[in-house]
Amino acid sequence: ICENFINDPNIKVATIVVNRKDAGVIERTKRFGIPTLYYPKQEWQSESSGGNNGLNVLKALQDINIDWIVLAGFLSIIPEQIIETYNGRIINIHPSLLPKYGGQGMWGHHVHEAVWANHETETGITIHQVSNKIDGGEILFQAKCEITSDDTPTTIASKVHQLEYEHYSKVIRSLIEK
């Protein structure tokens, strides 16, 4: 995503926010000079779970004038206050054709293994708005790929990644430039 927008005159990737110090995106985006903010998982949790409902994250995003939040491989629940503040301006990509294979525990290889185990004939990606329900926001875009009898969870993952690379940045651009 960063590579697609690094020299764009209209869209700027202002920061990368991670909840793991070892997130792979940190190393991949260093060459672009994009700052990274780290907030551990506890920051995203409710007060009853020992967190602060993402208030520090929200303040940081507001301090740097973030207009859109684009999730990619981010597995924490986005707190309600952030969802409300950025209503309609938080998007996520999911590696299945939602509503199939969405919800708690359905991410990455878990999705591809479930698709394969259920002998699906197609899968794909879903780009959706983020809501307070896991993978439950409005579907903005879907792209499909065929699954053959020769496919494995690994080859399915490869096909899905190709769809992600092909479509996510285009959809981001179309939403932001609306």
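Relevant structure appears above.
Quick caveat, the model's predicted, so the values are computed rather than measured.

A. Quick peek at the side chain of Asn19. Its location among the elements puts Asn19 in the loop between strand E1 (16-18) and helix H2 (24-29). A relative accessible area of 14% places Asn19 in the buried class. A polar side-chain atom of Asn19 sits 2.4 Å from a polar atom in the side chain of Ser76. When residues no more than four places from it in sequence are discounted, the contact partners of Asn19 are Tyr38, Tyr39, Pro40, Lys41, Trp44, Phe74 and Ser76.

B. Local environment of the packing of helix H6 (residues 109-117) against helix H7 (residues 153-176). Look at H6 against H7: their axes get within 9 Å of each other, and the N-to-C directions meet at 115 degrees. Crossing of H6 over H7 shows right-handed handedness. Between H6, through His112, Glu113, Val115 and Trp116, and H7, the contact on the second element is made entirely by Pro153, Ile156, Ala157 and Val160. A breakdown of the residues in the contact of H6 with H7 according to their chemical character gives 6 nonpolar, 1 polar and 1 charged.

C. Region of the structure containing the pattern of salt bridges. Inspection of every chain in the model, using the stated rule, returns 9 salt bridges. As a salt-bridge pair, Lys144 and Glu122 come within 3.7 Å of each other at their nearest N and O atoms. On the criterion of sequence distance, the pair formed by Lys144 in strand E6 (residues 139-146) and Glu122 in strand E5 (residues 122-129) is long-range, its members being 22 residues apart. On the basis of relative accessible area, Lys144 is assigned to the exposed category, the value being 53%. The partly exposed category is assigned to Glu122, whose relative accessible area is 36%. Taken together, the salt bridges that share partners define one network made up of Asp8, Arg173 and Glu177.

About the cut-offs
- Residues numbered from 1 in each chain as written.
- Predicted model: local features only at pLDDT ≥ 70, side-chain atom pairs only at ≥ 80, totals over all residues.
- Heavy atoms only, no water.
- Helix = DSSP H or I, 4+ residues; strand = E, 2+ residues; numbered from the N terminus.
- Buried < 20%, exposed > 50% of the residue type's maximum accessible area, 1.4 Å probe, protein only.
- Polar contact = N/O pair within 3.5 Å; in protein donor to acceptor, adjacent residues only side chain to side chain.
- Contact = heavy atoms within 4.5 Å.
- Axes fitted to C-alpha atoms, helices over the stretch in contact; angles between N-to-C directions.
- Left-handed = near helix turned anticlockwise from the far one by under 90°.
- Nonpolar A, V, L, I, M, F, W, Y, C, P; charged D, E, K, R; others polar.
- Salt bridge = Lys/Arg side-chain N within 4 Å of Asp/Glu carboxyl O.

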